[in-house]
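Structural description and commentary
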Amino acid sequence: MNLIFLGAPGAGKGTLATLLSREYGIPQISTGDLFRAAVKEGSELGNKVKGIMEKGELVPDSLTVELVRQRLAKADAGGGYILDGFPRTIVQADALAGFEQIDHVINFEIDDQLVIRRLSGRRVCRSCGAIYHVDNMPPKVEGKCDRCGGELYIRDDDKIDSIKNRLRVYKEQTEPLIAYYRDKGLLREIDSSRSPQHSLEQIKGILE
Ligand SMILES: [Zn+2]
């Protein structure tokens, strides 16, 4: 079962990819993880990625696609996989279609206001990295980590301006993939505005 999870930042793709990966025993593959793993391995591609990231530049499509291609060729992806946050552009999607057959593209539907509320409410512990949320998982004492007493802060990525910018980039570059996969008959839509459990039930309904 070869799956793509599509949706705005904050739509819950990562959380659901983890849940589904456990339930079906297929790997969750994100480009962020692939970049980090390649850099750590020190492979030829990894060194290229490292150089690009150190300059603060975006990893080009060709390199991203090659890392994904190599990852999908590994044995554990033979029984299926979940691509979480890839492809991000039409160019990447076209390249992927050249070497993989996708079964379902799950589109996580959610409105912008809810994404902003979800992401801007996130708080991270400066000392141990524990993650909280002002609505869903507040710490016992405001601004303090339950586990270690460390100070909680808002990551730069989770500040309102940054969230709005990420949403804008998503709409420009990635949202066109909805029509792209709809045309191919692969798009399946879920309502991801409620709980992860609710999203999981919908996805299982599609797959089973
Ligand atoms: Zn902590």
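Everything quoted here is computed from the prediction, not taken from an experiment. Sequence order as written defines the numbering, with residues in each chain counted from 1. Where totals are concerned, whole chains, interfaces and linings use all residues; where local detail is concerned, this predicted model gives features only for residues with pLDDT of at least 70, and gives and counts side-chain atom pairs only at 80 or more. In computing side-chain values, all of the structure's heavy atoms are included and hydrogens and water are not.

Quick word on the overall build of the protein
In this description a helix means any DSSP run of H or I spanning at least four residues, a strand means any run of E spanning at least two, and both kinds are numbered starting from the N terminus. The helix and strand inventory of the protein stands at nine helices and eight strands. Compactness check: the protein gives a C-alpha radius of gyration of 18 Å against a globular reference of 17 Å for 208 residues, within 12% of the reference. In terms of overall dimensions, the protein has a C-alpha envelope of 50 × 40 × 35 Å along the principal axes. Relative accessibility thresholds used throughout: buried, under 20% of the residue-type maximum; exposed, over 50%; partly exposed, between the two (1.4 Å probe, protein chains only). Buried residues in the protein amount to 41% of all 208 residues. Restricting to contacts in the protein with at least 6 residues of sequence separation, those with at least 24 account for 67%. Accessible surface is estimated by sampling points in the Shrake-Rupley manner with a 1.4 Å probe; for residues, cover comes only from the protein chains shown. Surface exposure of the protein reaches about 11300 Å², of which carbon and sulfur atoms provide 48%. Between the two quantities, the radius of gyration covers C-alpha atoms and the globule rule is 2.2 Å times the number of residues to the power 0.38. In what follows, residue pairs with any heavy atoms lying within 4.5 Å of each other are defined as contacts.

Topic: the coordination of the zinc ion
Only N, O and S atoms count as donors, using a 2.8 Å cut-off from the metal and 3.2 Å for Na, K and Ca, and because water is excluded some sites may appear unfinished. In this structure, Cys125 (SG), Cys128 (SG), Cys145 (SG) and Cys148 (SG) serve as the protein donors to the zinc ion, at separations of 2.3 Å. Irregular is the label for any site that misses the other tests, which are tetrahedral for four donors with all angles between 85 and 135 degrees, and square planar for four donors or octahedral for six when opposite donors exceed 155 degrees and the remaining angles lie between 65 and 115. Around the zinc ion sit four donor atoms; with metal-centred angles ranging over 100 to 116°, the donor geometry is tetrahedral. Positions of the donor residues of the zinc ion along the chain correspond to the pattern C-x2-C-x16-C-x2-C. Residue Cys128 is found in the loop between strand S5 (122-125) and strand S6 (131-133), and its partner Cys145 is found in the loop between S6 and strand S7 (152-153); the two are separated by 17 residues along the sequence.

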